[in-house]
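Listed below are the residues making up each chain.
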Amino acid sequence: MASHSSTLYASPSSFKLLSSHRLNPSPKYFNLRFPRPVKRPHFDLRCSVSIEKEVPETERPFTFLRDSDGGGTQSSSSSSSVRARFETMIRTAQDKVCEAIEAVEGGPKFKEDVWSRPGGGGGISRVLQDGNVWEKAGVNVSVVYGVMPPEAYRAAKGAATSEQKPGPVPFFAAGISSVLHPKNPFAPTLHFNYRYFETDAPKDVPGAPRQWWFGGGTDFTPAYIFEEDVKHFHSVQKQACDKFDPSFYPRFKKWCDDYFYIKHRDERRGLGGIFFDDLNDYDQEMLLSFATECASSVIPAYIPIIEKRKDTPFNDQHKAWQQLRRGRYVEFNLVYDRGTTFGLKTGGRIESILVSLPLSARWEYDHKPQEGTEEWKLLDACINPKEWL
């Protein structure tokens, strides 16, 4: 999970906020076994999506929205648009998660960077590094306006004919993204990401409908399995899903297991959670409420586990195993995470791109944990995803 300063990559159907507060349209969810609501062809649109370069700010604005989207009001919460309410949601979630982390840390605080773009949009990046509990914690929000090429619009719209040749299509994307790496090997890493994407109609196709999607998820990556912790984490995800549709949790759990797959290792990055993308086949208000509920579930799903495990005694062997699993985290992000790899290829802001990575990781030649050990049990669960509930 990563991002970069002013580059985007796209499947026409989804834009993913990655760990640094930048938004990237994302092809990375193709080849999943779960079907899309609308079938859309794959495009490689690298270097053809345009957004303005960011400008550092000294203070947080009330909103990053343009005036036409409610940005002219004192607070985006006063606007009824989905764009404004989603921005309010992600900024509230960022504040609450950072407050919860700082409360557990008991002293260390997040470093904050604020940025904007002249034509609208911006973001807030918060990173806490080498704290008492977390080795590295990043919680970032972004609101981005840009322009996508006509091929992406035709694919996203689905109904466009070959005769239609719209010009560049304006888009809006917003999201929150976070990775939390604790110091203690018995405390799990957490990743969550919730995002919203819209396209506007191209100027030469009057009346064309606006397209929109929601995406996101929360996933859990421990180095050691405490079954009660895994069940607690998954039960909170299921509770959030069940408030809206009982099919969501099993559907999005499988999607998560399939997405966080390290192909060259034939194993998952962690013990899953929920993951969804390109959702637009439900009522828009319902999906906004669902994304809000999922983001609100991060603290109750994760902080009680951290409180329980952060002071657990450990030895050098436990730490070495955690570092090996962190190596797997690095492998997934640098090899399979399309946002990270695209950012590296296109000269994005390196601190932003790599904010999701841990401070330290380890690789050993041909390392195989002994069967029956706690390390082996974790690896087995990553190779053979389990139903925890």
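None of the values given here were measured: they were computed from a predicted structure.

> Hey, could you run me through the overall build of the protein in this one?
For the protein, the count of helices and strands is ten helices and twelve strands. When the 389 residues of the protein are sorted by exposure, 59% land in the buried category. Of the contacts formed within the protein by residues at least 6 apart in sequence, a portion of 72% connects residues at least 24 apart. For the protein, the accessible surface area stands at approximately 15700 Å², while carbon and sulfur atoms represent 51% of it.

> What is the right way to read helix H10 (residues 374-383) from this model?
Since the α-helix turns once every 3.6 residues, residues separated by three or four places project in the same direction. Buried within H10 we find Glu375, Leu378, Leu379, Ala381 and Cys382. Along the axis of H10, the buried residues cluster in a sector spanning 160°; they form a single face. Each element contacted by the buried residues of H10 is listed here: strand S11 (267-268) and helix H7 (316-336).

> What's the story with the state of the cysteines in this structure? I'm lost.
Covalent bonding between the sulfur atoms of two cysteines is what defines a disulfide. The final tally for this structure, using the stated rule, is zero disulfides. Cysteine Cys294 remains unbridged, with the sulfur of Cys241 as its closest cysteine sulfur at 5.4 Å. Judged by its relative accessible area of 1%, Cys294 is buried.

> Where do I start with the packing of helix H3 (residues 227-242) against helix H4 (residues 248-259) in this structure?
Helices that pack against each other are described as a pair by the angle of their axes relative to one another and the distance between those axes. Following both chains from N to C, one finds H3 and H4 inclined at 125°, their axes separated by 8 Å at the closest point. Considering their axes alone, H3 and H4 lie oblique with respect to each other. Of the residues in H4, those in contact with His234, Gln237, Lys238 and Cys241 of H3 are Phe248, Tyr249, Phe252 and Lys253. Residues that form the contact of H3 with H4 fall into these classes: four nonpolar, two polar and two charged.

> I would appreciate a short explanation of the pairing of strand S4 (residues 111-116) in the present structure.
Looking along a regular strand, one sees side chains alternate from face to face of the sheet. Bridge count for strand S3 (residues 55-57) against S4 is three bridges, and the pairing is antiparallel. Looking at the pairing, Glu57 lines up with Val114 of S4. Looking at chain direction, S4 and strand S5 (residues 121-129) are connected through six bridges and run antiparallel. Each residue of the ladder has a partner; that of Val114, found in S5, is Ile124. Between S4 and the antiparallel strand that follows it, S5, lie four residues; Gly120 among them carries a positive phi value of about 120°.

> Before we go on, may I ask you to explain the side chain of Asp277 in this structure?
Note that Asp277 resides in strand S12 (residues 273-279). Within polar-contact distance, the side chain of Asp277 engages the side chain of Arg195 at 3.4 Å.

> Is there a simple way to think about the pattern of salt bridges in this case?
It is possible for side chains of opposite charge to pair when their charged atoms get near one another. Within this structure, the stated rule accounts for 30 salt bridges. Close ionic contact of Asp130 with Lys183 constitutes a salt bridge, the shortest N to O distance being 3.1 Å. Of the two residues, Asp130 is situated in the loop between S5 and strand S6 (134-148) and Lys183 in the loop between strand S7 (169-182) and strand S8 (189-199); the sequence distance between them amounts to 53 residues. Residue class for Lys183 comes out partly exposed when judged on its relative accessible area of 27%.

> I tried to follow the packing of aromatic side chains on my own but got confused; where do I start?
Evaluation of the coordinates by the stated rule reveals 27 aromatic pairs. When the ring of Phe220 is compared with that of Phe233, the centres are 4.6 Å apart and the planes differ by 15°; the resulting orientation is stacked. Highlighted residues: Phe220 in strand S9 (residues 211-221) and Phe233 in helix H3, separated in sequence by 13 residues. For Phe220, a relative accessible area of 2% translates into the label buried.

Rules behind the numbers
Residues numbered from 1 in each chain as written. Predicted model: local features only at pLDDT ≥ 70, side-chain atom pairs only at ≥ 80, totals over all residues. Heavy atoms only, no water. Helix = DSSP H or I, 4+ residues; strand = E, 2+ residues; numbered from the N terminus. Buried < 20%, exposed > 50% of the residue type's maximum accessible area, 1.4 Å probe, protein only. Contact = heavy atoms within 4.5 Å. Areas by Shrake-Rupley, 256 points an atom, 1.4 Å probe, with all protein chains shown as cover. Arc of directions from axis to C-beta. Disulfide = S-S within 2.5 Å. Axes fitted to C-alpha atoms, helices over the stretch in contact; angles between N-to-C directions. Parallel < 35°, antiparallel > 145°, perpendicular 65-115°, else oblique. Nonpolar A, V, L, I, M, F, W, Y, C, P; charged D, E, K, R; others polar. Pairing = 2+ DSSP bridges. Polar contact = N/O pair within 3.5 Å; in protein donor to acceptor, adjacent residues only side chain to side chain. Salt bridge = Lys/Arg side-chain N within 4 Å of Asp/Glu carboxyl O. Phe/Tyr/Trp six-rings, centres within 6.5 Å; stacked < 30°, edge-to-face > 60°.

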